[in-house]
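Each chain is listed here by its residues.
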Amino acid sequence: ASWYGGVFNGRKTANGERYDMYAMTACHPNLPFGTVVRVVNHKNGRSVVVRITDRGYLYSGRILDLSFGAAQKLEMIRPGLAQVDLEVLSWGKPRKSHN
């Protein structure tokens, strides 16, 4: 996992919400918006619960882009990346396509 913050703070996310870099949120390539996920940092065992609110390009090998606030709780700000496990706690609803 990686994290994002600063320049994105206040911008709209892919689900239409304003990004709050201190909220417990994350970007995932295909989990439905609103899905709630527990993220566990392999290195220190810390965990955080986040809600999927965004989409975006993730570099190869990454499965999640966490908000700055979530990354702080996992103590992964300084290294920038962390090996994590994900556990879906509740599924969001898939978005209906409008043709």
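Note on numbering: residues in each chain are counted from 1, in written sequence order. Owing to the predicted nature of the model, reporting of local features is limited to residues with pLDDT of at least 70; listing and counting of side-chain atom pairs is limited to 80 or more, with chain, interface and lining totals taken over all residues. In computing side-chain properties, one takes all heavy atoms of the structure into account and sets aside hydrogens as well as water.

Remarks on unusual backbone geometry
No. 1: At Glu 75, a position not held by glycine, the phi torsion is positive, near 55°.
No. 2: For the exposure calls, accessible area comes from a 1.4 Å probe over protein chains only, and a residue counts as buried if that area is under 20% of its type's maximum, exposed if over 50%, partly exposed in between. Note on Glu 75: relative accessible area 47%, which makes it partly exposed.

Remarks on the sheet that holds strand 1 (residues 2-4)
No. 1: Pairing is mixed across the open sheet formed by six strands, whose spatial order is 1-5-2-4-3-6. Each having just a single partner strand, strand 1 and strand 6 (84-90) make up the two edges of the open sheet. Strand-to-strand twist of the sheet, defined as the mean angle between neighbouring strand axes without regard to direction, takes the value 40°.
No. 2: For two strands to pair, DSSP has to find at least two bridges joining them. Only DSSP runs of H or I with at least four residues qualify as helices, and only runs of E with at least two residues qualify as strands; both kinds are numbered from the N terminus onward. Bridge count for strand 2 (residues 25-27) against strand 4 (residues 47-54) is three bridges, and the pairing is parallel. Structural elements are reduced to axes, namely lines fitted to C-alpha atoms, with helices fitted over the stretch in contact, and the angle between N-to-C directions of any two is expressed from 0 to 180 degrees.

Things to note about the confidence of the model for the chain
No. 1: The predictor attaches a confidence to each residue, called pLDDT, with possible values from 0 through 100. Summing up the model confidence of the chain, the mean pLDDT is 92 and the portion of residues at 70 or higher is 95%.
No. 2: The element-level mean pLDDT for the chain is lowest in strand 1, coming to 94, with strand 3 (residues 36-41) highest at 98.

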